[in-house]
Amino acid sequence: MVALAERLQARRSRFEFVFDRPRVLGTLFLAPAIIYVLALVGVPFLLAVYYSLSAYTVYNPSYHFVGLQNFIDVINSGVFRRTLANTFIFTFGSQILGLILGKFGALLLLRPFPGRKIVRALIILPWVVPIALATVAWEWMFDSLYSVINWTLIALGIVTRTDAPNWLVDPGLAMLSVIVVNAWRFFPFAIVIFLAGITAIPQDVIDAATVDGAGFWRRNYQIILPMIMPIVVVGLVFGLVFTFTDLSIVYLLTNGGPVNATSVLGFEGFQVGIISGDVAHGAAISLFMLPVLFILVIVMLRFIRRQEI
Amino acid sequence: MATVTATEITKKFGDVSAIDGVSLSVADGEFLVLLGPSGCGKTTFLRIIAGLEKQTAGDIAIDGMVVNDLPPRARGIAMMFQTYGLYPHYTVRDNIAFPLKTQRVPKDEIRTKVAWASALLGIEHLLDRRPRQLSGGERQRVALARALVREPTALLLDEPLSNLDAKLRSSARNEIKQFQQRVGTTTIYVTHDQVEAMGMGDRIAVIDHGRVRQIGTPASIYDDPADRFVATFVGTPPMNLIDWNGGHLGFRPEDFLPREMIENGEVTEFSFFIERSEYLGSERIVYGRLEGRSAAQEITAKLPPAHVPLAAIRPGEWHPFAVRNDALRYFDQSGVRRRQS
């Protein structure tokens, strides 16, 4: 018996069960993702870092090293400082608005009412409609002559035809407009996040709070909100990152105007680096996103770990 | 402390009646158990008393005052839930303090009351922990402390022991009962476990399909079941039922004994075919069928093993068994108890 078992074992190849080894199989499965990230994120990123330290332009593709000169140029530019401030206003404005809309939307959609499923499906639309299409529709709504928003305001007697707001021309209103459009795009995502969070709370906890004497507001802000905070923060990180780096709405709706009033980092980097061909300064502008995003993500992730329940 | 009275409570979900005209009243300081199978409407009824659900018809009164239109927080009732419903983001201290905070009790008073409630349940050492760091038994105590801290008019408990393991359950049962006797809070306790009901209730209300089948002391529920449902729902093994004059004749397994074990009194005799028997230490359960009855109608006997001659219960043999006549219960065709045969 012993001899037989030994002979069977001896015949097995060392590599017959090679895929049963976690190290081999894991590496194999992870490889595509890692190669993808390295090739399409890592390499362009390093390239951008190098461009930002060089004098590379489309007209003069030299890799001549200039140190931090590009960054100094950029910081000294008034347009850039305006852009940096705009980016923060745009990002936080649209996220806050989107979160508020999302919270209320989620609360409304939690109540049973006829047609709730259809409404739940429709509410996702802003998120899935191609951004170019949606922005064209918004452009029309904000139009100085044919604005449906102004038409409504005039019809309601809130403003008169002569002092009707000129949405995309007035600098403050133009910023408000891009914020509104971005919040409109973001809020279905926020609704989904809030709905997921709230429906995951055990009914017993909410009932306990009700019996313990908590009214609507206390239940929402002392029980529900803290309990869904981790998932909301994750959603917010996504929203902040996507908005901070976004240029499509600004590009399509205001083209950074009027007079750079709505220019944001992504847009400005694209303008300088691609449209004007000054790749070095464009890269430098874009890299300003990096530390901000980095800090943001670290802060948020630490917050989540502390909140873990 | 207060009385709780329900009058003709009905609750419909669409066309389905979850509760179908339940009336009962709980005396001040009483421990009432609502006992029934799952889906019988007992939890819904409890939620109606708490104000978490609105009844379709009927009145709920606390201390004689109708509270139908009062929200839960105005009813002064505390409720403890099956999964306890502790607030995971709060410490135990903040969990217990929460019902006081909602009533804007001054901070000093909150501190003394939290200390009082946690001492009462022996959880002072847990005050700075969070619920996820507690064991099942500890969570249950925290939930109880949170329910009692504001000295509620009545305490509602919804299957509070079902998340505990068997050993912990019996000690927790004892604890809750002693505790209730000490503080004397009017208590309504929902369970599907008859052992909890029998062991804890001053009175038991047996509920089935949204109706109260019987309300009474544990002894009267067990000895004088009002109908066939109560008779077979309470007791393990359940009461034996055999067809009898168009209705049913019932007797408890512990009353069904070998003929020679019953010495005096009038008895009804049966010839019993023993199929198998289980020895459970403190008792022996014998399964079989009666002569002239369908084999599908399984009859059980529960015998005290020490007193039974083993020869009497050999599987595969017939043996004369008997029931004392005063242990026989008659039910008519509709299942309602009849006092005579």
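Residues numbered from 1 in each chain as written. Chains lettered and ligands numbered in written order. Predicted model: local features only at pLDDT ≥ 70, side-chain atom pairs only at ≥ 80, totals over all residues. Heavy atoms only, no water.

A. Molecular detail of the side chain of Arg337(B). With respect to the secondary-structure elements, Arg337(B) resides in strand 19 (residues 337-338). In terms of polar contacts, Arg337(B) uses its side chain to reach the backbone carbonyl oxygen of Pro225(B), at 3.2 Å. (Helix = DSSP H or I, 4+ residues; strand = E, 2+ residues; numbered from the N terminus. Polar contact = N/O pair within 3.5 Å; in protein donor to acceptor, adjacent residues only side chain to side chain.)

B. Layout of the sheet that holds strand 10 (residues 211-216) of chain B. Residue and element names in this part refer to chain B. In spatial order, the strands read 6-7-8-3-9-10; together these six strands make up an open sheet with mixed pairing. Unpaired on one side and paired on the other, strand 6 (77-80) and strand 10 mark the two borders of the sheet. Each strand of the sheet is rotated relative to its neighbour by a mean of 20 degrees, with strand direction disregarded. Inspection of the sheet shows strand 9 (residues 203-208) paired to strand 10 by five bridges, in the antiparallel sense. Residue pairing for strand 10: aspartate 208 is matched across the bridge by arginine 211. (Pairing = 2+ DSSP bridges. Axes fitted to C-alpha atoms, helices over the stretch in contact; angles between N-to-C directions.)

C. Representation of the confidence of the model for chain A within the structure. Taken residue by residue, chain A gives an average pLDDT of 84. The fraction at 70 or more is 95%. Here helix 1 (residues 2-11) of chain A stands out as the element of chain A with the lowest mean pLDDT, 57, in contrast to helix 10 (residues 203-211) of chain A, whose mean of 92 is the highest. (pLDDT = per-residue confidence, 0-100.)

D. Here's a closer look at the pattern of salt bridges. Residue and element names in this part refer to chain B. Using the criterion set out here, one finds 26 salt bridges over all chains in the structure. The residue arginine 203 makes a salt bridge to glutamate 30 at a minimum N-O spacing of 2.5 Å. Taken together, the positions of arginine 203 in strand 9 and glutamate 30 in the loop between strand 2 (16-26) and strand 3 (31-35) put the pair 173 residues apart, joining distant regions of the chain. (Salt bridge = Lys/Arg side-chain N within 4 Å of Asp/Glu carboxyl O.)

E. Layout of the nonpolar core. With 58 residues, the main nonpolar core has Leu34(B) and Phe45(B) as its most contacted residues. The greatest single-element share of this core, amounting to nine residues, is contributed by helix 9 (residues 171-199) of chain A. Contacts of Leu34(B), omitting those with residues within four sequence positions, involve Leu24(B), Lys42(B), Phe45(B), Ile188(B), Tyr189(B), Val190(B), Thr191(B), Ala205(B) and Ile207(B). Grouped together as the second largest cluster of nonpolar side chains are 44 residues, Ala78(B), Ala97(B), Leu161(B) and Val206(B) included. (Core = buried A, V, L, I, M, F, W, Y, C linked by side-chain atoms within 4.5 Å. Buried < 20%, exposed > 50% of the residue type's maximum accessible area, 1.4 Å probe, protein only. Contact = heavy atoms within 4.5 Å.)

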